[in-house]
Amino acid sequence: MSLRAFTTAKELDVAGGIRRPMRSDGTSSLRSWLRSDLSASEVPWLAASVTTLIWNGPPGSRITVAVVGDGFGPQEQDAYNTAVDRLLTDGLFAQDFFGEHRSAFNLVRVNLVSLESGVGTKTYDADGNVIRKIDRDTALGTYYNGDWAHLWVEDGPSTEARLTSALSELVPEHRLKVVVLNRPEFGACGGNWRTTVSLGISWPTLAHEFGHAMGRLGDEYHKRDETYRGIEPTEPNLTTNTDRETLKWGWIVGAETPLPTGGDDYTPPKPSGWHNSQSVGLFEGGHGSYRFGVYRPVLNCRMNSNDPRFCPVCASVMEAVTAKHLAAAPLSEGDGTGYVRLVVRLEQGVLRVLEAREFDGPFVETGLVTQGFAHEVRIGDRRVALGSLPDAGVSRGFSEIGTDGPREHVVHRPDSFDFVVRVASAELRGADLSQLTVDLVSVGADRGDALGEVPLREDPALDVTPIASLADLSLADLPMSLRRIVAPE
Ligand SMILES: [Zn+2]
């Protein structure tokens, strides 16, 4: 076991300024700071430590990825570390798009030492009933079910609380969460900027899923001979439109390329030099199920079969999402003197601020509003925070070539989810709460350019459906941590 190497002062510092007494073996005990919603009897891990694997700048300014293991006992921490390197450090973040945009990311590994090895298992019958369940006493209490229809992997009743508890202390500022289960088979699901995988996954599958999570890219594969009869897809890489003048990705289609261009192959004769993942036209088939009636940009993109690079259309979306986080981009929103990270929960149509935490240093948001959920915070007439939540409210099973797919994603839509809002501290300190509004909306139209000053919910260009609002607040409505920021004594 090699936990000792993780806990230098620098590593702890960059992970969020954690300073706590270390045990003699170099690990820290988390038992003293678990959130109150975990009882003492549930304290679920032997030890915990944090290691920064990729570091490109202050965590609020980068897309900080926190990776956490479950079911790795004291003797298996090296195996976990190796898996993290294979999937992320030397996998995703060393290859094509994510390798080239590595400076937009931080990667922080959390080692939670589980009491037992492996994770719990569940077996379902054809009707969806659990017919066999084996529990394991692991750090996060996850389960492996190995069943495509049940998203392969699943949380136990306290998994989310345990994960939140560990990360709020060890990597308090993070955007993407990856949970790695100690099971050798294939399994993976994701949504709302969290991905849960078992050891049988490969990095290209993660890259495909990050395309959904970060860019709201659609699936470019088609697994059935069905005909798409829906409205124009909101995903930037799918369309029903065959008109060259108004095509979403018309900017990159050559004048000599016929539209449509083909289906599973270029309609002959295929021009010499045509590249299956990089030469753009209009190919029929996509959106998971549909062989007809919906079109994708290239023959075979990463959003089709995982292994190829992102096509130029998908890459342009991912470029836009990462651009402001790149190390070369100027830092900071607000005045750079700190910001507050709010965790907001949507539950049964109601918004609630769960927690607030103040950070020093700069933060960056993309400032883009894509289709799907988006949030806005305003104080009176001023917008003080804005962000997209591309795959909030979705839980999606993965599949992988060579093992079991790719097959269509099985999608569950939880009716409750949390999202993060970052606001410059100066905006909140002494703010008039009666003027503060938090809006969660669903956006139907794509609009990558700068937004107008009207509230998101009233923007005629966005095709907005209001989901929930938080307004007419008083101090008593806020968690204590936020009260202290808004109304310091
Ligand atoms: Zn693509």
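So, how was this worked out
Residue indices follow the written sequence of each chain, beginning from 1 at its first position. Per-residue local features are limited, in this predicted model, to residues with pLDDT of at least 70; the limit for side-chain atom pairs, both in listing and counting, is 80 or more; totals at the level of whole chains, interfaces and linings are taken over all residues. Side-chain metrics in this entry use all non-hydrogen atoms of the structure; hydrogen atoms and water are not considered. Residues enter a nonpolar core if they are buried and are Ala, Val, Leu, Ile, Met, Phe, Trp, Tyr or Cys, with the set joined through side-chain atoms within 4.5 Å. Buried residues are those whose accessible area, probed at 1.4 Å on protein chains only, stays under 20% of the maximum for their type, while exposed residues exceed 50% and partly exposed ones sit between those limits. Helical segments are the DSSP runs of H or I of at least four residues, strand segments are the runs of E of at least two, and each set is numbered from the N terminus. Start and end points for every domain follow an automatic or database-based domain assignment. Think of the donor list as every N, O and S atom within 2.8 Å of the metal, or within 3.2 Å for Na, K and Ca; water never makes the list, so a site can look incomplete. Under the classification used here, a metal with four donors is tetrahedral if each angle lies between 85 and 135 degrees, square planar if opposite donors are over 155 degrees apart and the others between 65 and 115, a six-donor metal meeting that same test is octahedral, and anything else is irregular. Strands are labelled as partners when DSSP assigns at least two bridges between them. All axes here are fitted lines through C-alpha atoms, helices being fitted over the stretch that makes contact, and every angle between N-to-C directions spans 0 to 180 degrees. What counts as a ring pair is set by centres within 6.5 Å for rings of Phe, Tyr and Trp (its six-membered ring), and what kind of pair is set by the plane angle: stacked under 30 degrees, edge-to-face over 60, tilted for all other angles. Here, residues are in contact when the closest pair of their heavy atoms is within 4.5 Å. pLDDT measures the predictor's confidence residue by residue and takes values from 0 up to 100.

Caption draft 1: Broad picture of the nonpolar core. Ranked by size, the top nonpolar core spans 72 residues in total, and within it Leu88, Phe93, Phe98, Leu112, Met214 and Phe310 carry the most contacts. When residues of this core are assigned to their parent elements, the largest contribution, six residues, is made by helix H7 (residues 312–322). In terms of domain composition, this core takes at least three residues from each of domain 1 (4–215) and domain 2 (222–311).

Caption draft 2: Geometry of unusual backbone geometry. Of note, the bond from leucine 259 into proline 260 is cis; its omega dihedral lies within 30 degrees of zero at -10°. Tracing the sequence through the fold places proline 260 in the loop between strand E11 (222–227) and strand E12 (283–286). Even without being a glycine, leucine 151 presents a positive backbone phi close to 65°. Note on placement: leucine 151 falls in the loop between strand E6 (143–144) and strand E7 (153–154). Residue leucine 151 is classed as buried on the basis of its relative accessible area, which comes to 5%. The phi angle at arginine 216 is positive, at roughly 50°, despite the residue not being glycine.

Caption draft 3: Up close: the coordination of the zinc ion. Glu220 (OE), Cys301 (SG), Cys311 (SG) and Cys314 (SG) make up the full set of protein donors to the zinc ion, lying at 1.9 to 2.4 Å. Coordination at the zinc ion is tetrahedral: its four donor atoms span angles of 97 to 125° at the metal. The motif formed by the donor residues of the zinc ion, counted along the single chain, is E-x80-C-x9-C-x2-C. Linking glutamate 220 in the loop between helix H5 (203–215) and E11 with cysteine 314 in helix H7, this pair joins segments that are 94 residues apart in sequence. Each of the two residues, glutamate 220 as well as cysteine 314, counts as buried.

Caption draft 4: Region of interest: the sheet that holds E11. Here we have three strands laid out as an open sheet, ordered E11-E13-E12, and mixed in their pairing. In this open sheet, the two strands that pair with only one neighbour each are E11 and E12. Geometrically, the sheet is characterised by an average inter-axis angle of 50° between neighbouring strands, direction not taken into account. Relative to strand E13 (residues 288–296), E12 runs antiparallel, the two sharing three bridges. Its bridge partner being in E13, glycine 286 is matched across the sheet by tyrosine 290.

Caption draft 5: The arrangement of the environment of tryptophan 55 in detail. Mapped onto the secondary structure, tryptophan 55 falls in the loop between strand E1 (47–54) and strand E2 (63–70). Judged by relative accessible area, tryptophan 55 falls into the partly exposed class, the value being 33%. In this structure, the C-alpha to C-alpha distance between tryptophan 55 and alanine 104, residues 49 residues apart in sequence, is 9.4 Å.

Caption draft 6: Looking closely at the packing of aromatic side chains. With the rule as written, the count across this model stands at 16 aromatic pairs. Residues tyrosine 339 and phenylalanine 359 carry aromatic rings whose centres are separated by 5.5 Å and whose planes lie at 15° to one another, so their mutual orientation is stacked. Here the residue tyrosine 339 occupies a position in strand E14 (residues 339–347), and phenylalanine 359 occupies one in strand E15 (residues 350–359), the gap between them amounting to 20 residues. For the residue pair tyrosine 339 and phenylalanine 359, the accessibility class agrees, reading buried in each case.

Caption draft 7: Main features of the environment of tryptophan 203. Note that tryptophan 203 resides in helix H5. The exposure class of tryptophan 203 is buried, given its relative accessible area of 18%. Between the C-alpha atom of tryptophan 203 and that of aspartate 90, which follows or precedes it by 113 residues, the distance is 9.2 Å. Tryptophan 203 has contacts with Arg86, Leu87, Gly91, Leu92, Gln95, Asp96 and Arg302, leaving out every residue within four places of it along the chain.

Caption draft 8: The arrangement of the confidence of the model for the chain in detail. On average, residues of the chain score 84 in pLDDT, and 86% of them reach the 70 mark or higher. In the model, residues 1–41 has pLDDT below 50 throughout and makes 79 contacts with residues more than four positions away in sequence or in other chains. Contacts for the low-pLDDT stretch residues 402–406, under 50 throughout, to residues beyond four places or in other chains number 10 contacts.

Caption draft 9: Structural detail: H7. When you tally the buried positions in H7, you get eight out of 11 residues, the bulk of the element. Restricting attention to buried positions, one finds in H7 the residues Pro312, Val313, Cys314, Ala315, Val317, Met318, Val321 and Thr322. For H7, the elements touching its buried residues are E2, helix H3 (96–100), strand E3 (105–113), H5 and helix H6 (302–305).

Caption draft 10: Just the sheet that holds strand E16 (residues 372–379), in detail. Here four strands make up an open sheet; going across it, the order is E17-E16-E21-E22 and the pairing antiparallel. Looking at strand neighbours, the two that pair on one side only are strand E17 (382–389) and strand E22 (464–470), the edges of this open sheet. Neighbouring strand axes in the sheet, compared pairwise and without regard to direction, differ in orientation by 20° on average. When E16 meets E17, the two strands line up antiparallel, connected through seven bridges. Bridge assignment links glutamate 376 to a residue of E17, and that residue is leucine 386.

Caption draft 11: Spatial organisation of the pairing of strand E9 (residues 188–191). A two-sided burial pattern is seen for E9, the buried positions comprising Ala188 and Gly190 on one face and Cys189 and Gly191 on the other. When E9 meets strand E10 (residues 194–198), the two strands line up antiparallel, connected through four bridges. Among the inter-strand pairings, alanine 188 is bridged to a residue of E10, identified as valine 197. If you look at the hairpin formed by E9 and E10, you'll find two residues sitting between the two strands, and asparagine 192 has a positive phi there, around 55°.

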